[in-house]
Amino acid sequence: MRPLKRSTGARSSFPVPSHFGGWAPGRGADVVVVGAGIIGAACADELAAAGLDTVVVDRTGIGAGTTGAGEGNILVSDKEPGPELALALLSRALWQRFGAELAAGSVPGTESLHRRRLGDPSTGPGDSGIALEAKGGLVVATGADGLAGLHQLAASQRAAGVVAEPVGPDRARALEPQLTPDLAGGVHYPQDMQVQPVLAAATLLRRARANGARLVTGRPVTGFGRDRTGRITSVRTPAGAIATRYVVNAAGLGAREVAALAGVHLPIQPRRGFILVTEPLPPMIRGKVYDAAYVADVASDDRTLQTSTVVEATDGGTILIGASRERVGLDPALRVDVLARLARQAIRLFPALTGVRAIRAYRGFRPYSPDHLPVIGADPDVAGLLHAAGHEGAGIGLAPATGLLIRQMVTGVTPELDPAPFRPGRPALRRVAVPAPTRAAPNGPGGVR
Ligand SMILES: Cc1cc2nc3c(=O)[nH]c(=O)nc-3n(C[C@H](O)[C@H](O)[C@H](O)COP(=O)(O)OP(=O)(O)OC[C@H]3O[C@@H](n4cnc5c(N)ncnc54)[C@H](O)[C@@H]3O)c2cc1C
């Protein structure tokens, strides 16, 4: 791929795009990022920081896709050694750096937010403003078999650089006093973090805009202009075209459709998940706690319903209870039986939740690829097109490293880690024939109150 050099400030002399709401800049772009979810935001942040003239186009708005329907965990604990764990470790370090910069007030575009936090006693100077917290994770097993598997996984993760501390039942209950005494033991992962995903996406886009990026919302990308060699030259929307040299397809569940506009097969599919939210409670859960079955569920290829227990508190005192996984296309139905199962499983880990009221539920669709690895990199068949999609249940955690890889690929810098396992066009992606989703269903609150 021909890399782009850092912009010198001279703007491209592309044709004037027709009109985009209040946006009519009279010029094209170096890169158009399709999608203003967490992945598009992280890509735009990195590309704009590299001095590239970047435009982000979203058919809806910031965080309107799956990003607005997730929990915001930044996990290393649930990943087996391999390329995804390497990406997660890099990403975690980048999240930590971003949080420290925000807390120090040194992130361009966020100065006014920082000043407001300084004057607010409930937040204060050390606050990142995106609820980024290294709260740690505790994975527990109730039986000896589960514990043996957990210890085996932890040993392999330690060899890959993860801090994973086996804990007995007493230590587990010292970390989480409300845990059931009926435990075989667990593993503590102090590196696990959490962030508020929509705030994080909006804040990354603030920095991108401070670095010159432009954001166009409420406009779908409907096609691409190509030159005689097939190279992408522009992005089409109902409001006009934006001339560009590169397109980053960060359209989440829409990535398959966006790829198809360029004649490319990208088998990203939805994996439905529900989250149950309790009424606000006094502090009773300190970190994130999940059962040993969760890791197997995340990696599973089973099409049918899977539920493992994931419990954590939010700043507001509500407790989030997950997690279900189902491959049912874009079926928007909210299943009360699944929510009841999640609640029962959570009570088994935390008996003190008995009698607590659930106030609502969320439903979202994780964008997954056939081999459960994200698709990051240049399309092998269409020059100028890159993909950053298919992060399934880990897109919030993996976003900053994805953005960095995309920046390094576009600018021709050696990537921070080997991007080969994520490459578009890998055999696992080419093999799969995927039926088109038949029903459009927005992510978001599912309506259970
Ligand atoms: C229940 C649940 C819990 C989760 N929990 C976690 C968690 O704890 N930690 C974690 O890391 N991940 C979690 N995830 C996964 C995470 O939310 C996703 O991996 C991530 O949000 C994907 O981000 P994205 O930017 O790729 O997609 P999206 O957020 O869906 O963004 C894609 C954007 O592209 C836009 N778009 C689509 N098509 C077009 C088009 N043609 N033109 C213009 N714009 C277009 C959409 O409007 C959308 O805004 C969870 C997911 C679910 C469902």
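Residues numbered from 1 in each chain as written. Predicted model: local features only at pLDDT ≥ 70, side-chain atom pairs only at ≥ 80, totals over all residues.

Focus: the pairing of strand S9 (residues 223-226)
Summarising the sheet, S9 and strand S10 (residues 232-237) pair through four bridges and their orientation is antiparallel. When the sheet's bridge partners are listed, Gly 223 is paired in S10 with Arg 236. Following S9, the chain reverses through five residues before pairing antiparallel with S10; Gly 230 in that reversal takes a positive phi of roughly 95 degrees. (Pairing = 2+ DSSP bridges. Helix = DSSP H or I, 4+ residues; strand = E, 2+ residues; numbered from the N terminus.)

Observations regarding the site of the ligand
Of all residues adjacent to the ligand, which total 43 residues, the nearest are Gly 37, Gly 65, Gly 252, Gly 254 and Gly 395. Put simply, the parts of the chain that give the shell around the ligand at least two residues each are helix H1 (38-49), strand S2 (54-58), helix H7 (255-261), strand S12 (269-278), strand S16 (358-368) and helix H10 (395-411). In terms of residue count, S16 provides more of the shell around the ligand than any other element does, four residues in total. A breakdown of the residues in the shell around the ligand according to their chemical character gives 19 nonpolar, 18 polar and six charged. The residues that make up the shell around the ligand include at least three from each of domain 1 (1-132 + 193-267 + 372-442) and domain 3 (269-368). (Near = placed C-beta within 6 Å. Nonpolar A, V, L, I, M, F, W, Y, C, P; charged D, E, K, R; others polar. Domains from an automatic or database assignment.)

Describing the confidence of the model for the protein chain
Within the protein chain, residue pLDDT values average 88, and 86% of them lie at 70 or more. Every residue in residues 5-26 scores below 50 in pLDDT, and together they form 33 contacts with partners more than four places removed in sequence or on other chains. Ignoring residues within four places in sequence, the model shows residues 439-449, a span with pLDDT below 50, making 30 contacts including any to other chains. (pLDDT = per-residue confidence, 0-100. Contact = placed C-beta atoms within 7 Å.)

Description of the nonpolar core
Ranked by internal contacts, the top residues of the largest apolar core, which has 125 residues, are Leu 205 and Val 248. The greatest single-element share of this core, amounting to nine residues, is contributed by H10. Sequence-distant contacts of Leu 205, that is, excluding residues within four places in its chain, are made with Ala 36, Ala 41, Ala 44, Val 56, Ile 62 and Leu 215. (Core = buried A, V, L, I, M, F, W, Y, C linked by C-beta atoms within 7 Å. Buried ≥ 20, exposed ≤ 12 C-beta atoms within 10 Å, placed from the backbone.)

Structural notes on helix H4 (residues 144-159)
Residues spaced three or four apart along an α-helix point in a common direction, a consequence of the helix completing one turn every 3.6 residues. Here H4 contains 16 residues, and its C-alpha end-to-end distance of 23 Å stays within 8% of the 22 Å for a straight helix at 1.5 Å per residue. Every buried residue of H4 is listed here: Leu 147, Leu 150, Leu 153, Ala 154 and Gln 157. End-on view of H4: buried residues confined to an arc of 125 degrees, all on one side of the axis. Summarising the geometry of H4, the exposed residues directed more than 90 degrees from the buried face are Ala 144, Asp 145, Gln 152 and Ala 159. (Expected span 1.5 Å × (residues − 1). Arc of directions from axis to C-beta.)

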